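# Structure at a glance
Single-letter residue listing:
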Amino acid sequence: MIMIYRKYIKRLLDILISFVSVIILSPVYLILALLVRTKLGSPVLFHQDRPGLNGKIFHMYKFRSMTDERDENGELLPDEKRLTDFGKKLRSTSLDELPELFTILKGDMSLVGPRPLLVEYLPLYNERQRHRHDVRPGLTGWAQVNGRNTLTWQKKFEYDVEYTEKYCFSMDLRIILMTVVGVIRREGINSENSATMDSFRGNDPVCDQSGPERSEDSSEVRDS
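Residues numbered from 1 in each chain as written. Predicted model: local features only at pLDDT ≥ 70, side-chain atom pairs only at ≥ 80, totals over all residues. Heavy atoms only, no water.

Counting its secondary structure elements, the chain contains 7 helices and 4 strands. Start at the N end of the chain and walk to the C end: the helices and strands fall as α-α-β-β-α-α-α-β-β-α-α. Put simply, the chain has 224 residues, and 49% of those count as buried. Across the chain, the fraction of contacts at a sequence separation of at least 24, relative to all contacts at a separation of at least 6, is 71%. Here the chain has roughly 11300 Å² of accessible surface; of this, 60% comes from carbon and sulfur atoms. (Helix = DSSP H or I, 4+ residues; strand = E, 2+ residues; numbered from the N terminus. Buried < 20%, exposed > 50% of the residue type's maximum accessible area, 1.4 Å probe, protein only. Contact = heavy atoms within 4.5 Å. Areas by Shrake-Rupley, 256 points an atom, 1.4 Å probe, with all protein chains shown as cover.)

In structure tokens:
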């Protein structure tokens, strides 16, 4: 039964739920697009290449949540300077993630799975961590409901790989319900060290959790 779910039912549910959600939420998309355009400027959407199933690269879209303010040298200001109160609300409610429903409908993502990270991380994974790409990346995932951006990278990858080994309908349903609770409580949005998740620099303990990650419009990146 688990194999039937993995091979057929999971993708069917992704299509049905994302399609219905896009239709129902269409007024929300319009309102958010207008608010982002008014408060943060254009473009309204941020897009970036991310690795998906088997490491295949796809385009991921989100509502923009940062300004593109720069210093006198033309360099983007730090994330905490460009992340406005409006942007923080978009992130804490996960409304910035809504455009990903179209990516799910297309087949590049799933409702549940390891979050899609940066392409530049691919060569940094060890052999076990690479298995996080054995499934489609998700809108939410096992790591997200177990700490999200408060986890170390190693712990996050442990949860990701555990998901690829054990996922089934009951696990996906549990993750979705836990995600709803987490969004309501607004848990684990940022890491302790920065406005966005710290960058992954490899499996050397000295490198783990050091330094801020690039941000979206150069780009405004957070993994969650």
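Turning our eyes to something else, we now look at the side chain of Thr140. Relative to the helices and strands, Thr140 resides in strand E4 (residues 138–140). Apart from the residues within four sequence positions on either side, Thr140 is in contact with Leu111, Val112, Gly113, Arg115, Val145, Ile175 and Thr179.

In this section: helix H1 (residues 2–24). A turn of α-helix holds 3.6 residues, and therefore any two residues three or four places apart point the same way. A maximum bend of about 45° is found in H1 at Ile9. Those residues of H1 not exposed but buried are Tyr5, Lys10, Arg11, Asp14, Ser18, Ser21 and Val22. Where H1 is buried, its residues meet helix H2 (26–40), helix H5 (100–106), strand E3 (110–112), helix H6 (153–166) and helix H7 (169–185). (Bend = angle between axes of the 7 residues up to and from the residue.)

Time to look at the confidence of the model for the chain. Taken residue by residue, the chain gives an average pLDDT of 86. The fraction at 70 or more is 86%. Mean pLDDT in the chain bottoms out at helix H3 (residues 79–82), which sits at 81, and peaks at E3, which reaches 98. Scored below 50 in pLDDT, residues 209–224 makes 81 contacts in the model with residues more than four places away or belonging to other chains. (pLDDT = per-residue confidence, 0-100.)

In this structure, Arg136 sits in the loop between E3 and E4. Not counting chain neighbours up to four residues away, the residues in contact with Arg136 comprise Arg11, Leu53, Gly107, Asp108, Met109, Ser110, Val112, Gly113 and Pro114. There is a polar contact of 2.8 Å between the side chain of Arg136 and the backbone oxygen of Gly107. (Polar contact = N/O pair within 3.5 Å; in protein donor to acceptor, adjacent residues only side chain to side chain.)

The subject of this paragraph is the packing of aromatic side chains. The relative placement of two aromatic rings is captured by the distance of their centres and the angle of their planes. Applying the stated criterion to the full structure yields 12 aromatic pairs. Ring-pair connections join several aromatic residues into one group, and the members of that group are Tyr121, Tyr125, Trp153, Phe157 and Phe200. It is Arg6 that lies over the ring of Tyr167; its NZ or CZ is 4.2 Å from the centre. We note Lys155 situated over the ring of Tyr159; from NZ or CZ to the ring centre the distance is 5.2 Å. (Phe/Tyr/Trp six-rings, centres within 6.5 Å; stacked < 30°, edge-to-face > 60°. Lys NZ or Arg CZ within 6 Å of the ring centre and 35° of its normal.)

A cluster of nonpolar side chains, namely Ile15, Phe19, Val20, Ile23, Ile24 and Leu105, defines an oily patch on the protein surface of about 530 Å² accessible area. Top contributing element to the nonpolar patch by residue count: H1, with 5 residues. (Patch = residues over 30% accessible without salt bridge, like charges linked within 9 Å, V, L, I, M, F, W, Y side chains within 5 Å. Salt bridge = Lys/Arg side-chain N within 4 Å of Asp/Glu carboxyl O.)

Right, let's talk about the pairing of strand E1 (residues 45–51) for a bit. In the sheet, E1 pairs with strand E2 (residues 57–63) via 7 bridges, with the strands oriented antiparallel. Counterpart to Phe46 in the pairing with E2 is Lys62. Turn length for the E1-E2 hairpin, with the two strands adjacent in sequence and antiparallel, is 5 residues, and the turn residue Asn54 shows positive phi of about 60°. (Pairing = 2+ DSSP bridges.)

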